[in-house]
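Reading the structure
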Amino acid sequence: MYSDITSAQFQLEEPHVQFKEPHAGRFAPSPTGDFHLGNLRTAILAWAFARHAGLDFLIRMEDLDERSRPQYVTRQLHDLEEIGITWDGPVIYQSRRMPIYAEIFTDMMRQGLLYECYCTRKELAAVTSAPHRPPGSYPGTCRDLTDRERDAGRAKLASMDRGPAMRLRTDGHDLTVVDELAGPYTGAVDDLVIRRGDGVYSYNFVSVVDDALQGIAQVVRGDDLLPSTPRQVYLQRLLAAPTPKYIHVPLALNTRKVRLAKRDGAVTLRALRECGWSSGDVVELIGQSLGILGARRAGDIETHLEAAKLACGPWIVDTALLEKGPRTILRESE
Ligand code: GLU
């Protein structure tokens with residue numbers, strides 16, 4: 001069931017920021033490393049779905065993660081160009097948008113929607129979620145503390161040189177989102193963090209704010225983020241922001257069925273090139289994982305998007321085979 005939260009609950013006071021009419025798809029990578037095949041497949045699909053729907057396509061660098069590095073921004077953008085992905089307008093960097101987040105955060109504070117949380121990571125890891133809640137959801141420990149308990153919490157964190165995290169007081173109900181690939185997905189909406197104890201705004205918060213400010217009509221991303229989507233939709237409704245269409249695509253996995261990572265071997269464009277792969281070969285491999293043969297540029301996947309949608313499941317990548325070069329793998333399927 002949708003929760004019945006209404007936009008009337010929150011209103012930006014004297015807003016300097018304005019949400020845009022939904023008009024675009026987007027790809028929002030974190031520049032914390034080179035893209036691997038799974039990231040590239042998601043990027044191609046995000047681009048293809050946006051173009052197929054006649055939408056603009058925007059790139060947003062989610063660089064609030066402390067592992068972000070400028071050289072990865074350059075290399076990620078370069079890789080996207082290499083495989084035929086084009087985007088509209090300038091790339092947006094979250095690290096340059098603090099005043100925008102601060103404005104919305106301050107209004108949320110003023111309207112009493114947030115509360116201080118003094119739980120440390122260790123304490124949170126130790127509490128097991130209630131049986132019907134997904135792992136990691138917040139049990140509400142600091143939601144209704146007395147003044148004295150709050151003072152004790154602040155003192156505890158001060159001794160660790162930290163401040164409290166700020167959490168959103170939600171209604172705690174489950175919320176259902178309808179994903180174009182996964183279908184209806186019901187998930188818990190817990191009291192999510194809006195600003196962390198170190199002062200960094202949370203992924204859920206900035207992502208929802210930016211989707212609204214950038215006019216995002218369609219979100220295509222890895223299905224590891226599907227469990228976060230009910231929280232994000234809750235936040236959208238609170239901020240009176242439109243809910244985009246969601247298309248969560250299955251991840252690339254290694255042969256042990258664990259999410260693909262760089263340590264699995266030659267999985268980045270750079271590493272594959274050293275094994276004899278051109279960017280066209282890599283697109284062809286990605287196309288093959290989506291049931292499309294002979295695709296050499298992102299545009300070829302867009303042309304066959306309906307087929308790709310049907311064939312889009314988890315992708316098992318055998319890096320030992322990739323390291324032998326493109327011939328064996330690409331020929332096998334011809
Ligand atoms: N920055 C996130 C990632 O790289 C994606 C977030 C999103 O698409 O909402 O996994």
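Scroll up to find the structure this text is about.
All values reported here derive from a predicted model rather than from experimental measurement.

Geometrically, a pair of aromatic rings is defined through the distance of the ring centres and the angle of the planes. The final tally for this structure, using the stated rule, is four aromatic pairs. With centroids separated by 5.7 Å and ring planes inclined at 50°, the aromatic side chains of Tyr201 and Phe205 adopt a geometry described as tilted. What makes Tyr201 buried here is its relative accessible area of 9%. Grouping aromatic residues by their ring pairs yields a cluster made of Tyr101, Phe105, Tyr201 and Phe205. For the cation-ring pair, Arg96 lies above Tyr93, with the distance from its terminal atom to the ring centre recorded as 4.0 Å. Positioned above the aromatic ring of Tyr138, the side-chain terminus of Arg167 is 3.5 Å from the ring centre.

This brings us to the site of the ligand. The full set of residues close to the ligand is Arg26, Ala28, Pro29, Ser30, Glu62, Tyr203, Ser207, Arg221 and Leu225. Between the ligand and the protein, one listed contact pairs a nitrogen atom with a backbone N or O atom of Ala28 at 2.8 Å. Within the contact set of the ligand, a nitrogen atom lies 2.6 Å away from a side-chain nitrogen or oxygen of Glu62. In terms of residue class, the shell around the ligand is built from four nonpolar, two polar and three charged.

Of note, Asp161 is a non-glycine position whose phi angle comes to about 65°, a positive value. Relative to the elements of secondary structure, Asp161 occurs in the loop between helix H5 (147-158) and strand S5 (165-168). Positioned with a positive phi, Ala240 is a non-glycine residue whose angle comes to about 60°. Since its relative accessible area comes to 45%, Ala240 is described here as partly exposed.

Turning next to the nonpolar core. Formed by 51 residues in total, the largest nonpolar core has its most connected members in Leu37, Ile85 and Ile286. Among the elements that take part in this core, helix H1 (residues 37-52) stands out by supplying ten residues, more than any other. Excluding its chain neighbours within four sequence positions, the residues that come into contact with Ile286 are Leu37, Leu40, Arg41, Ile44, Ile301 and Trp315. By size, the runner-up hydrophobic cluster in this structure holds 31 residues, among which are Ala24, Leu113, Ile194 and Val219.

This part is about the pattern of salt bridges. Counted according to the given criterion, the structure contains 25 salt bridges. Measuring nitrogen to oxygen at the nearest pair gives 3.0 Å for the salt bridge that ties Asp88 to Arg51. Of the two residues, Asp88 sits in the loop between helix H2 (70-82) and strand S3 (92-93) while Arg51 sits in helix H1, which places them 37 residues apart along the sequence. Overall, Asp88 belongs to the partly exposed group, its relative accessible area being 26%. Note that Arg97 and Asp210 form a salt bridge whose closest N and O atoms lie 2.8 Å from each other. In this pair, Arg97 sits in the loop between S3 and helix H3 (98-110) while Asp210 sits in helix H6 (residues 203-214), placing the two residues 113 residues apart along the sequence. A residue is classified by how much of its surface remains accessible, and Arg97, at 12% relative accessible area, is buried.

The tally for this structure, following the rule as stated, stands at zero disulfides. Here Cys117 is not cross-linked by a disulfide; its sulfur's nearest cysteine counterpart is in Cys119, at 3.9 Å. The cysteine Cys119 is free of any disulfide, with Cys142 supplying the nearest cysteine sulfur at 3.7 Å. Judged by relative accessible area, which is 18%, Cys119 ranks as buried.

This paragraph deals with the sheet that holds strand S8 (residues 193-195). Pairing in this open sheet of three strands is antiparallel, and the strands run S4-S5-S8 from one edge to the other. With partners counted over all chains shown, the strands left at the sheet margins are strand S4 (114-117) and S8, one partner each. Taken over all neighbouring pairs, the strand axes of this sheet differ in orientation by 45° on average, direction set aside. Relative to S8, S5 is paired through two bridges, and the arrangement is antiparallel. Opposite Met166, over in S8, you have Arg195 as the bridge partner.

About the cut-offs
Counting of residues starts from 1 at the beginning of each chain's written sequence and follows it residue by residue. In view of the model being predicted, local features appear only for residues whose pLDDT reaches at least 70, and side-chain atom pairs are presented and counted only at 80 or more, with totals across whole chains, interfaces and linings using the full set of residues. No hydrogens and no water enter the side-chain calculation; it runs on all heavy atoms of the structure. The aromatic pairing rule takes the rings of Phe, Tyr and Trp, using the six-membered ring of Trp, and pairs them if the centres are within 6.5 Å, calling planes under 30 degrees apart stacked, those over 60 edge-to-face and the rest tilted. Accessible area is worked out with a 1.4 Å probe on protein chains only. A residue is then buried under 20% of its type maximum, exposed over 50%, and partly exposed in between. Only Lys NZ and Arg CZ are tested; either one counts as a charge over a ring when it is within 6 Å of the ring centre and within 35 degrees of the ring normal. Note on terminology: near, applied to a residue and a molecule or strand, indicates that one of the residue's heavy atoms is within 4 Å of it. The definition of a polar contact used here is a pair of N or O atoms within 3.5 Å, where within protein one atom must be able to donate a hydrogen and the other to accept one, and adjacent residues in sequence count solely through side-chain atom pairs. Residues are grouped as follows: nonpolar covers Ala, Val, Leu, Ile, Met, Phe, Trp, Tyr, Cys and Pro; charged covers Asp, Glu, Lys and Arg; every other residue, Gly included, is treated as polar. Helix and strand assignments come from DSSP, with helices taken as H or I runs of at least 4 residues and strands as E runs of at least 2, each series counted from the N terminus. Residue types Ala, Val, Leu, Ile, Met, Phe, Trp, Tyr and Cys, when buried and joined through side-chain atoms within 4.5 Å, form a set referred to as a nonpolar core. Residues count as neighbours in contact if any of their non-hydrogen atoms are within 4.5 Å of one another. For this analysis, a salt bridge means a side-chain nitrogen from Lys or Arg found within 4 Å of a carboxyl oxygen belonging to Asp or Glu. In what follows, a disulfide is any cysteine sulfur pair within 2.5 Å. Here the rule is simple: two strands pair whenever DSSP picks up at least two bridges between them. The axes are straight lines fitted to the C-alpha atoms, using for helices just the contacting stretch, and the angles between their N-to-C directions are given from 0 to 180°.

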